[in-house]
Amino acid sequence: AQTVTQSQPEMSVQEAETVTLSCTYDTSESDYYLFWYKQPPSRQMILVIRQEAYKQQNATENRFSVNFQKAAKSFSLKISDSQLGDAAMYFCALHNDYKLSFGAGTTVTVRA
Amino acid sequence: EPEVTQTPSHQVTQMGQEVILRCVPISNHLYFYWYRQILGQKVEFLVSFYNNEISEKSEIFDDQFSVERPDGSNFTLKIRSTKLEDSAMYFCASREGQNSYEQYFGPGTRLTVT
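Residues numbered from 1 in each chain as written. Chains lettered and ligands numbered in written order. Predicted model: local features only at pLDDT ≥ 70, side-chain atom pairs only at ≥ 80, totals over all residues. Heavy atoms only, no water.

Caption draft 1: Fine view of the interface of chain A and chain B. Residue-level contacts link 20 residues of chain A with 20 residues of chain B. Between chain A and chain B, the buried area comes to about 1,800 Å², and carbon and sulfur atoms account for 59% of it. Together, A:Arg43, A:Tyr98 and A:Phe102 form the three largest contributors to the area buried by chain A at its contact with chain B, with a combined 34%. Linking chain A to chain B there are one salt bridge. The residue A:Arg50 makes a salt bridge to B:Glu102 at a minimum N-O spacing of 2.2 Å. Put simply, chain A and chain B have seven residue pairs in polar contact (both at pLDDT 80 or more) between them. Of all the secondary structure elements, the ones that give two or more residues to the side of chain A that touches chain B are strand 5 (33-39), strand 6 (46-52), strand 10 (88-96) and strand 11 (99-102) of chain A. Ranked by residues supplied to the side of chain A that touches chain B, first place goes to strand 5 of chain A with four residues. A breakdown of the residues in the side of chain A that touches chain B according to their chemical character gives 11 nonpolar, five polar and four charged. (Contact = heavy atoms within 4.5 Å. Buried area = accessible area lost by both parts, 1.4 Å probe. Salt bridge = Lys/Arg side-chain N within 4 Å of Asp/Glu carboxyl O. Polar contact = N/O pair within 3.5 Å; in protein donor to acceptor, adjacent residues only side chain to side chain. Helix = DSSP H or I, 4+ residues; strand = E, 2+ residues; numbered from the N terminus. Nonpolar A, V, L, I, M, F, W, Y, C, P; charged D, E, K, R; others polar.)

Caption draft 2: Just the state of the cysteines, in detail. Residues and elements named next belong to chain B. With the rule as written, the count across this model stands at two disulfides over all chains. Sulfur-sulfur distance for the disulfide between Cys23 and Cys92 comes to 1.9 Å. On the S-S bond that ties Cys23 to Cys92, the torsion sits near -60°, and the link is left-handed. Residue Cys23 is found in strand 3 (residues 19-24), and its partner Cys92 is found in strand 9 (residues 88-95); the two are separated by 69 residues along the sequence. The pair Cys23 / Cys92 is uniform in exposure class, with both members buried. (Disulfide = S-S within 2.5 Å. Buried < 20%, exposed > 50% of the residue type's maximum accessible area, 1.4 Å probe, protein only.)

Caption draft 3: Geometry of the side chain of B:Asp86. Residues and elements named next belong to chain B. Tracing the sequence through the fold places Asp86 in the loop between strand 8 (75-79) and strand 9. The side chain of Asp86 sits in the buried core without any salt bridge; Arg36 is the nearest counter-charge, 4.3 Å away. When neighbours within four sequence positions are excluded, Asp86 is seen to be in contact with Arg36, Phe65, Ile79, Ser81, Leu111 and Val113. (Lys, Arg positive; Asp, Glu negative; His and termini not counted.)

Such coordinate-based values are descriptive only and should not be taken to indicate function.
In structure tokens form, the structure reads like this:
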């Protein structure tokens with residue numbers, strides 16, 4: 001069984017500051033993919049960033065970067081220079097075989 | 001940029017009625033999925049579909065649910081006899097192929113069962 005755990009229900013960040021969202025997962029597979037999705041109030045699921053488990057280098061996508069620690073099964077998301085438009089629910093997801101397994105999500109609020 | 005579309009955006013139905021939720025995946029994608037999200041809860045996998053058949057389904061996807069790809073573009077989810085607990089946001093997603101693991105989601109259909 002695969003599980004994804006996001007232990008922070010809510011995070012708040014000042015505009016232009018940095019926030020880090022944590023995610024841990026459990027899988028028995030050695031080959032898998034990890035993702036962060038953003039869900040704004042519209043409830044659309046938007047892919048933010050991906051990480052292949054076989055790659056040691058952490059993925060970066062503009063202001064978004066991850067810290068992938070395979071041995072610890074940890075996959076945190078860092079949002080730098082936070083903007084008001086970053087306010088959303090963020091879901092960590094593990095892809096293995098045929099499906100995505102999601103964490104419970106972290107709500108990010110950005111203070112102006 | 002190609003995107004997954006879903007219709008309707010909001011569906012209200014009475015308990016016991018049948019509903020069909022429609023999705024148009026990205027045109028060159030080969031894998032299709034349905035997920036649901038009950039309000040305030042995590043996104044849950046329902047079913048995956050490849051090569052005109054179900055690849056995998058979760059325990060949620062019981063006999064009341066079915067999926068179909070009736071033509072080359074649409075991908076539908078049918079709920080035969082809706083229950084109150086089927087009220088949720090239903091997301092369709094598609095994935096390009098075997099070597100590509102990103103799933104791209106549609107905007108969702110909000111299903112309300114009264």
